[in-house]
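# Structural description and commentary
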Amino acid sequence: MQPKLVETNTGKIRQVCIDCGEPFDRDPGEVEARRGTGLPVSPRCPGCRITRRDERNASVFESLRSGDLGNVRATVVGPDEGGERLYPADCSGCQRPIRLPFKPRLDRPVFCRFCLDARSGR
Ligand SMILES: [Zn+2]
Ligand SMILES: [Zn+2]
């Protein structure tokens, strides 16, 4: 559904939000700026845009928590967490504290880089 753009006598462009059905005024400059980039003008009022962004973020966070990232291809809007998540563990060889990019399993030994090298004969 294409957003309906109506020129108002205030110089603003009135548009009806496709989510809540409420008319809202948009700055014509914003529409022109979007036109130049080829990006579509949002068919939603500012309030609904914020609501949708929050919902999208919430679903991404939920996927991160449950570890189910199979079909999620969204980026989280917000500060960077500083790279990948690491799990603390103790090396099964030298007991040195290490960090793993995966969750350690209790029934499986984990080794630091030095012990791994020693075990692989290098
Ligand atoms: Zn709305
Ligand atoms: Zn070790």
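Everything that follows concerns the structure shown earlier in this document.
Let me sum up the structure you'll find in this document. (Residues numbered from 1 in each chain as written. Chains lettered and ligands numbered in written order. Predicted model: local features only at pLDDT ≥ 70, side-chain atom pairs only at ≥ 80, totals over all residues. Heavy atoms only, no water.)

Take the overall build of the protein chain next. Helix and strand content of the protein chain: three helices and five strands. Listing the helices and strands of the protein chain from first to last along the sequence gives β-β-β-α-α-β-β-α. Considering only intrachain contacts with a sequence separation of at least 6, the fraction spanning at least 24 residues in the protein chain is 16%. When the accessible surface of the protein chain is totalled, it reaches about 9800 Å², and 52% of it is carbon and sulfur. (Helix = DSSP H or I, 4+ residues; strand = E, 2+ residues; numbered from the N terminus. Contact = heavy atoms within 4.5 Å. Areas by Shrake-Rupley, 256 points an atom, 1.4 Å probe, with all protein chains shown as cover.)

Attention shifts here to the pattern of salt bridges. In the structure shown here, the tally under the stated rule is three salt bridges. Asp25 is paired through a salt bridge with Arg14; the nearest N and O atoms lie 2.8 Å apart. In this pair, Asp25 sits in strand E3 (residues 23-26) while Arg14 sits in strand E2 (residues 13-16), placing the two residues 11 residues apart along the sequence. Residue Asp25 is classed as partly exposed on the basis of its relative accessible area of 37%. Ionic pairing is found between Arg105 and Asp107, a salt bridge with its closest N-O pair at 3.0 Å. Classification of Asp107 as exposed rests on a relative accessible area of 58%. (Salt bridge = Lys/Arg side-chain N within 4 Å of Asp/Glu carboxyl O. Buried < 20%, exposed > 50% of the residue type's maximum accessible area, 1.4 Å probe, protein only.)

Attention shifts here to the coordination of the zinc ion (ligand 2). Those donors, Cys91 (SG), Cys94 (SG), Cys112 (SG) and Cys115 (SG), are the protein atoms that reach the zinc ion (ligand 2), and they lie 2.2 to 2.3 Å from it. In this structure, the zinc ion (ligand 2) is coordinated by four donor atoms arranged in tetrahedral fashion, with angles at the metal of 105 to 115°. Sequence spacing of the donors to the zinc ion (ligand 2): C-x2-C-x17-C-x2-C. Here Cys112 matches Cys115 in class, with each residue buried. (Donors = N, O, S within 2.8 Å, 3.2 Å for Na, K, Ca; no water. Tetrahedral: all angles 85-135°; square planar, octahedral: opposite > 155°, others 65-115°.)

Its location among the elements puts Arg105 in the loop between strand E5 (97-100) and helix H3 (113-119). C-alpha separation for the pair Arg105 and Ala89, spaced 16 residues apart in sequence, amounts to 9.8 Å. Within polar-contact distance, the side chain of Arg105 engages the side chain of Asp107 at 3.0 Å. (Polar contact = N/O pair within 3.5 Å; in protein donor to acceptor, adjacent residues only side chain to side chain.)

Donor atoms from the polypeptide that bind the zinc ion (ligand 1) are Cys17 (SG), Cys20 (SG), Cys45 (SG) and Cys48 (SG), placed at 2.2 to 2.4 Å. Of note is the zinc ion (ligand 1), whose four donor atoms meet at the metal with angles of 104 to 116° in an arrangement that counts as tetrahedral. On the accessibility criterion, Cys48 (13% relative accessible area) is buried.

By themselves these figures say nothing about function.
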